[in-house]
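Analysis of the macromolecular model
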Amino acid sequence: MKKLIGILGAVVLCASLLGGCASTKEIKALQDQTQQALQQAQQAQQQCQASAQAAESAAQRAEQAARKAEAMAAKCESIFMKHMKK
């Protein structure tokens, strides 16, 4: 009976070790998936930052164009007022 319990204990121990190996493989697979997801998130963040910089640059160019348009409008108005005085 003691031999049977000893053999049964050894079998259970081996089964638990094999189960642990399978879990290790699954953990490694999940770690790889997590790493890939992290890399994709970092790429998306970089793309967002690049888009934000491009939008900021476009906004600055639009502001400069608006200032130029306002200056031209003021100049046209002053020329018009000079002609009206004559």
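Above this text sits the structure in question.
Residues numbered from 1 in each chain as written. Predicted model: local features only at pLDDT ≥ 70, side-chain atom pairs only at ≥ 80, totals over all residues. Heavy atoms only, no water.

**Details of the overall build of the protein**
Inclusion rule: Put simply, DSSP marks the helices as runs of H or I at least four residues long and the strands as runs of E at least two long, and each gets a number from the N terminus on. Each residue is assigned to one of three classes by its accessible area relative to the maximum for its type, calculated with a 1.4 Å probe on protein chains only: buried under 20%, partly exposed between the two thresholds, exposed over 50%. Exposure was quantified through the Shrake-Rupley algorithm and a 1.4 Å probe, taking into account, for residues, occlusion by the shown protein chains and nothing else.
Summing up its helical and strand segments, the protein has 1 helix and 0 strands in all. Buried residues in the protein amount to 0% of all 86 residues. Total accessible area on the protein stands at roughly 8,000 Å², and carbon and sulfur atoms take up 63% of it.

**A short note on the pattern of salt bridges**
Definition in use: What makes a salt bridge here is a side-chain nitrogen of Lys or Arg within 4 Å of a carboxyl oxygen of Asp or Glu, nothing more.
Applying the stated criterion across every chain, the model contains 1 salt bridge. A salt bridge links Arg67 to Glu63; its shortest N-O distance comes to 3.6 Å. Here Glu63 and Arg67 lie together in helix 1 (residues 2–85), a separation of 4 residues that amounts to about one turn. A residue is classified by how much of its surface remains accessible, and Arg67, at 51% relative accessible area, is exposed.

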